[in-house]
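# Reading the structure
Residue-level listing of the chains:
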Amino acid sequence: MLPVTLDRADARPLGVQLADQVRRLVLAGTVAPGTRLPSTRRLAADLGVSRAVTEQAWDQLRAEGWLEARQGAGSWVSGGPGPGHPTSPPRRRPQPRRPLVPLNAGTPWVDTRHDAAWRRAWREVSSATPPRGYDDPRGLPELRALLAERLGTTRGLGVDPDELSITAGTTAGLRHVLNALPRQPVVVEDPGYRAAALTVRESGREVRDHPALLPITDLSGCAAAYVTPAHQHPLGRVMPADDRLTLLAAARRDGAVVIEDDYDSEFRYDVAPVPALASIDPDVVAYLGTASKSVLPSLRLGWMVPPASLRPEVERHRAITHDAPAWPVQRAFVALVRDGYLDAVVRSARRVYGERAPRVVAALSPYAELAGPVAGMYSTWLLPHREAVRARAAAEAAGFRVNLLADYCRSAELTGLVVGFGGPTDEELDAALAVLVESLASS
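Residues numbered from 1 in each chain as written. Predicted model: local features only at pLDDT ≥ 70, side-chain atom pairs only at ≥ 80, totals over all residues. Heavy atoms only, no water.

## Concerning the sheet that holds strand β7 (residues 224-227)
Spatially, the seven strands line up as an open sheet ordered β4-β10-β9-β8-β7-β5-β6, and their pairing is mixed. Strand pairing shows two members of the sheet lacking a second neighbour, β4 (165-167) and β6 (207-211), which therefore form its edges. When strand polarity is set aside, the average angle formed by the axes of neighbouring strands in this sheet is 25 degrees. The pairing of strand β5 (residues 186-190) with β7 spans three bridges and is parallel. (Pairing = 2+ DSSP bridges. Helix = DSSP H or I, 4+ residues; strand = E, 2+ residues; numbered from the N terminus. Axes fitted to C-alpha atoms, helices over the stretch in contact; angles between N-to-C directions.)

## Quick look at helix α9 (residues 311-321)
Along α9, the residues that are buried comprise Arg311, Val314 and Arg318. Viewed along the axis of α9, the buried residues span an arc of 65 degrees, placing them on a single side of the element. In α9, those exposed residues whose orientation departs by more than 90 degrees from the buried face are Pro312 and Ile320. The elements touched by buried residues of α9 are β4, α6 (170-179) and β10 (302-305). Positioned one or two residues after α9, histidine 322 has a phi angle of 55 degrees, which is positive. (Buried < 20%, exposed > 50% of the residue type's maximum accessible area, 1.4 Å probe, protein only. Arc of directions from axis to C-beta. Contact = heavy atoms within 4.5 Å.)

## Focus on the packing of helix α11 (residues 341-364) against helix α13 (residues 426-441)
Between α11 and α13, the least distance of the axes is 10 Å, while the angle of their chain directions is 15 degrees. In this view, α11 runs roughly parallel relative to α13, as classed from their interaxial angle. α13 is crossed by α11, and the crossing has right-handed handedness. When α11 is examined against α13, the residues Arg356, Arg359, Val360, Ala363 and Leu364 are found in contact with a partner set consisting of Asp426, Leu429, Asp430, Leu433, Leu436, Val437 and Leu440. Partitioning the contact of α11 with α13 into residue classes produces eight nonpolar, no polar and four charged. (Parallel < 35°, antiparallel > 145°, perpendicular 65-115°, else oblique. Left-handed = near helix turned anticlockwise from the far one by under 90°. Nonpolar A, V, L, I, M, F, W, Y, C, P; charged D, E, K, R; others polar.)

## Focus: the nonpolar core
Leu219, Leu247, Trp303, Phe333, Leu364, Leu417 and Val419 are the most contacted members of the largest nonpolar core, which totals 78 residues. It is α11 that contributes the most residues to this core, eleven residues altogether. Those residues in contact with leucine 219 that sit more than four places away from it in its chain are Val187, Ala224, Ala225, Leu247, Ala250, Ala251, Asp254 and Ala256. The next biggest cluster of nonpolar side chains, apart from the first, holds 22 residues, and it includes Leu2, Leu25, Leu47 and Leu67. (Core = buried A, V, L, I, M, F, W, Y, C linked by side-chain atoms within 4.5 Å.)

## A few points about unusual backbone geometry
A cis amide bond, omega 0 degrees, links aspartate 190 with the succeeding residue proline 191. Following the sequence through the fold, proline 191 ends up in the loop between β5 and α7 (194-202). For the peptide bond that leads from histidine 233 to proline 234, omega is 15 degrees, which places it in the cis range. Inspection of the secondary structure puts proline 234 in the loop between β7 and α8 (241-254). Even without glycine at this site, histidine 322 takes up a positive phi of about 55 degrees.

Laid out in structure tokens, this is it:
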């Protein structure tokens with residue numbers, strides 16, 4: 001067995017960890033050129049991971065020139081003298097001279113036509129008087145009032161400003177909710193949002209994987225279930241009405257909380273946005289929202305509406321830890337919401353995504369299967385793992401970053417690509433699609 005150890009608490013995907021460690025072993029001389037490596041099946045069994053993890057690592061190392069496949073003889077470290085193979089050092093793939101253009105699920109379209117409003121908001125911050133001490137741990141009252149009104153009109157969620165708290169993003173909100181819950185397992189969709197699973201683990205709780213497209217019927221012994229009902233991340237499905245009611249009934253029966261991550265619900269361009277799950281039963285749903293998909297991820301701003309039963313403990317803990325977003329960020333966001341900037345950028349982005357999504361579908365549908373409806377700023381495509389890895393490598397060589405579906409999986413063994421279309425320009429998107437199509441067409 002190779003001397004490698006995979007850390008499930010590490011934010012990096014398991015396949016990336018494995019490839020990195022094998023690469024270091026070769027560079028250190030611990031594994032010599034010409035060494036035959038274990039099969040992906042045997043190594044997966046030794047490490048206790050799915051075969052997709054080891055296949056991803058071996059495919060990546062072969063693409064970089066560290067490993068080579070020999071007909072009928074498995075995978076070997078490059079440079080060995082095996083039959084018919086001259087000695088040669090591992091070949092390093094040239095690194096791009098500039099950062100890769102992200103085609104991921106989380107980078108939004110930013111319309112520069114609204115830059116003037118953005119600058120006005122920050123000028124207003126510069127002339128405002130900051131609080132003399134620590135402010136209300138729930139956030140600025142003006143911002144809470146604006147967001148409470150917005151949740152009522154856009155998400156069907158009637159909420160009082162005093163019931164809403166400002167957070168430093170979705171994962172921060174998730175941590176606040178977990179702090180108020182018993183230390184019991186949390187059900188998390190699989191495949192699903194990688195940061196959510198990691199946040200649950202870092203809270204000292206067990207993550208219970210649940211197939212993302214199956215209804216959650218049993219939460220006995222669990223503190224909560226984390227879901228993305230408006231647009232399942234990353235498969236794209238809207239949670240059906242029957243599944244919503246089944247989940248809420250299970251939570252009530254078993255004394256658990258449903259944590260609703262409503263991360264990009266505003267970006268439907270085929271139908272009107274589906275009302276929030278919390279609008280059906282706010283007593284068992286902790287609602288999480290974010291500005292990262294509508295404004296900028298780096299703003300690090302979000303909001304949450306915890307159930308009434310958790311609110312005192314959430315607020316008590318935040319008051320002690322002073323765990324709240326910076327005052328200037330909150331103050332700027334007041335201006336962005338109040339003056340219509342947020343509505344304007346959402347409308348612009350929705351139009352852009354609505355125009356780009358059909359282009360992505362037209363380009364990739366002859367070669368891959370859509371995993372679910374296209375909404376928001378990305379689409380997910382089911383493919384054999386080898387084809388997906390090859391396409392990702394081709395995109396990276398051309399200067400684009402595309403994610404593998406396998407990296408979002410823990411127990412699930414789905415493979416393919418998650419192709420975002422919010423971050424690139426139109427020209428960059430067309431160039432990236434051309435590279436992906438060329439790779440998939442030659443598979």
